[in-house]
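Structural features, examined
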Amino acid sequence: MPLFAFHAMLAGCDTRRERFDDEAAWVRVEIDWRQAGICPEGVSIYVFEQETGKKFKVLHTNEMRADSVTVDSLNLHIGRYSLLVFNETERSHSNVSFRGTSYYHTFEACTWPVAKVVTPNVLAAAHVDAFEVTCEMTGRRRTCPPLLLVPKRLNAIAEVTVHVKSLHYLHVSEQEGALSGLIEGVFLAAEAPGAASATHYFTLNGRAFYQGSSTDGILKGTLVIFGAATAPSENILSLRLLLRDMTECLFERNLSGKLPGYGDLPKNHLKFEVGLGTADDPPIEITRAPDNNANGIFQVKVDEWGESISMDVLVDIEGT
């Protein structure tokens, strides 16, 4: 074999030299969303260099088959890579933010501490720790096997129903709730929660009177959770109810041991009710009547909730 031909053959697979278009391969990616139970409007595909873990390429696609499978292709040069996929984009989630997105192992999804969205959405993700684009996959040879991914749900929507006696005494503004001792975030590549716990605040923006009653009824709110934190902390549901005269009534319920941890979240919504009037969960009752002509601005501070009443309640988890 002539020496120049031998050098040319070696150069064809030398990743250190300048890369040309004929050294790239189209890698087919198939993402099956059926196990997650969602059909996303869009999908984010992140490619990282395996050796450094650094972000290399991002593809946003809405190519979706009728069977809820995303199918698209990545154009990649010879090398080793890692892959992360999740539904929608970093900015389009109504209740989840992302941090550490420049590197594969630091890419973390975090729930917004304050949730004021009426229709929160869930997050589902999948990953491939290592795959390689070789010489045989490039140019006209095209022997590149597809990457198959099946995302899992990472969080769940929790629906809170609060039964209130003398509901008519409450101000027309949205009421507020908070739930403590929750997982702050989850690392997508490790499929594991971080060590920190957090309190999530949410609005009780659904109000309705019982049929046949003009005084008693319910408040409803939703929040998105990754589950109860494993660190020593209690899951306390705190309620701050604003009356018509702009004064407050404060209540608490202890949900410790009632919320699922990460990996045990139901496919359907997590639902729980408080103020049912049982021995473990007495009524939430407004015992004083505010001035009907009172007015003012709804301005409160999170760290001034004052004394509260703490009770254990039962939680109904659907879909487990």
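Scanning the protein chain from N- to C-terminus turns up one helix and 23 strands. Burial status across the protein chain gives 44% buried among its 320 residues. About 16600 Å² of surface is accessible on the protein chain, with carbon and sulfur atoms providing 50% of the total.

With a phi close to 65 degrees, Ser68 is a non-glycine residue in the positive phi region. Tracing the backbone shows Ser68 in the loop between strand E3 (55–61) and strand E4 (69–77).

Moving residue by residue along a regular strand, the side chains alternate between the two faces of the sheet. Counting buried residues in strand E18 (residues 217–225) gives eight out of nine residues, a clear majority hidden from the surface. When strand E12 (residues 156–165) meets E18, the two strands line up antiparallel, connected through nine bridges. Directly across from Thr161, in E18, lies its bridge partner Lys220. Here four bridges tie strand E17 (residues 206–209) to E18, and the two strands are oriented antiparallel to one another. Paired with Gly206 across the bridge in E18 is Lys220.

Pairing within the open sheet is antiparallel, and its four strands lie in the order E6-E7-E14-E15. Because the sheet does not close on itself, it has two edges, and the strands there are strand E6 (96–99) and strand E15 (192–193). Direction of pairing for strand E7 (residues 108–111) relative to strand E14 (residues 185–187): antiparallel, over a ladder of three bridges. The residue of E14 that forms the bridge with Cys110 is Gly185.

On to the side chain of Thr111, then. Here Thr111 is to be found in strand E7. Classification of Thr111 as buried rests on a relative accessible area of 8%. Discounting chain neighbours no more than four positions away, the residues touching Thr111 are Asn95, Val96, Glu184, His200, Val224 and Phe226.

As a further point, take the layout of surface pockets. One way to see where empty space is left: roll a probe the size of a water molecule over the atoms. Considering only enclosed or pocket space, the largest pocket measures out at about 310 Å³ in volume. Taken together, the residues of the lining of the largest pocket break down into five nonpolar, three polar and four charged.

To continue, consider the packing of aromatic side chains. For the structure shown, the criterion picks out ten aromatic pairs. Summarising the aromatic geometry, the rings of Tyr46 and Phe48 are spaced 6.4 Å apart at their centres and angled 20 degrees between planes, so their arrangement reads as stacked. Given the relative accessible area of 3%, Tyr46 is considered buried. A relative accessible area of 0% means that Phe48 is categorised as buried. Here a set of aromatic residues connected by ring pairs shows up, and it is made of Tyr46, Phe48, Phe86, Phe98, Tyr104 and Phe107.

With that settled, consider the sheet that holds E4. Strand order in the open sheet formed by three strands is E4-E1-E10, and the pairing between neighbours is mixed. In this open sheet, the two strands that pair with only one neighbour each are E4 and strand E10 (147–149). Taken over all neighbouring pairs, the strand axes of this sheet differ in orientation by 20 degrees on average, direction set aside.

Turning our attention to the nonpolar core. Judged by nonpolar contacts, the single largest core of 28 residues is most densely connected at Val162, Leu237 and Ile286. If you list the elements that add at least two residues to this core, you get E12, strand E13 (175–183), strand E16 (197–204), E18, strand E19 (236–242), strand E20 (248–254) and strand E21 (270–274). Ranked by the residues each element gives to this core, the list is headed by E12, at four residues. With 26 residues, the next largest nonpolar core counts Ala25, Val43, Tyr81 and Val128 among its residues.

As a further point, take the confidence of the model for the protein chain. Of the residues in the protein chain, 80% have a pLDDT of 70 or more, and the chain-wide mean is 84. Ranking the helices and strands of the protein chain by mean pLDDT puts strand E2 (residues 43–49) first, with 98, and helix H1 (residues 3–11) last, with 38. Within the model, pLDDT remains below 50 along residues 1–19, and this stretch shows 13 contacts once partners closer than five positions in the same chain are excluded. Below a pLDDT of 50 lies the segment residues 293–306, which in the model reaches 26 contacts outside its immediate sequence neighbourhood of four places, other chains included.

Cut-offs used in this document
- Residues numbered from 1 in each chain as written.
- Predicted model: local features only at pLDDT ≥ 70, side-chain atom pairs only at ≥ 80, totals over all residues.
- Heavy atoms only, no water.
- Helix = DSSP H or I, 4+ residues; strand = E, 2+ residues; numbered from the N terminus.
- Buried < 20%, exposed > 50% of the residue type's maximum accessible area, 1.4 Å probe, protein only.
- Areas by Shrake-Rupley, 256 points an atom, 1.4 Å probe, with all protein chains shown as cover.
- Pairing = 2+ DSSP bridges.
- Contact = heavy atoms within 4.5 Å.
- 1 Å grid on protein atoms, 1.4 Å probe; cavity = no way out; pocket = protein on both sides within 12 Å on 5 of 7 lines; lining within 4 Å.
- Points joined across faces, edges and corners; volume = space filled by probe spheres on them.
- Nonpolar A, V, L, I, M, F, W, Y, C, P; charged D, E, K, R; others polar.
- Phe/Tyr/Trp six-rings, centres within 6.5 Å; stacked < 30°, edge-to-face > 60°.
- Axes fitted to C-alpha atoms, helices over the stretch in contact; angles between N-to-C directions.
- Core = buried A, V, L, I, M, F, W, Y, C linked by side-chain atoms within 4.5 Å.
- pLDDT = per-residue confidence, 0-100.

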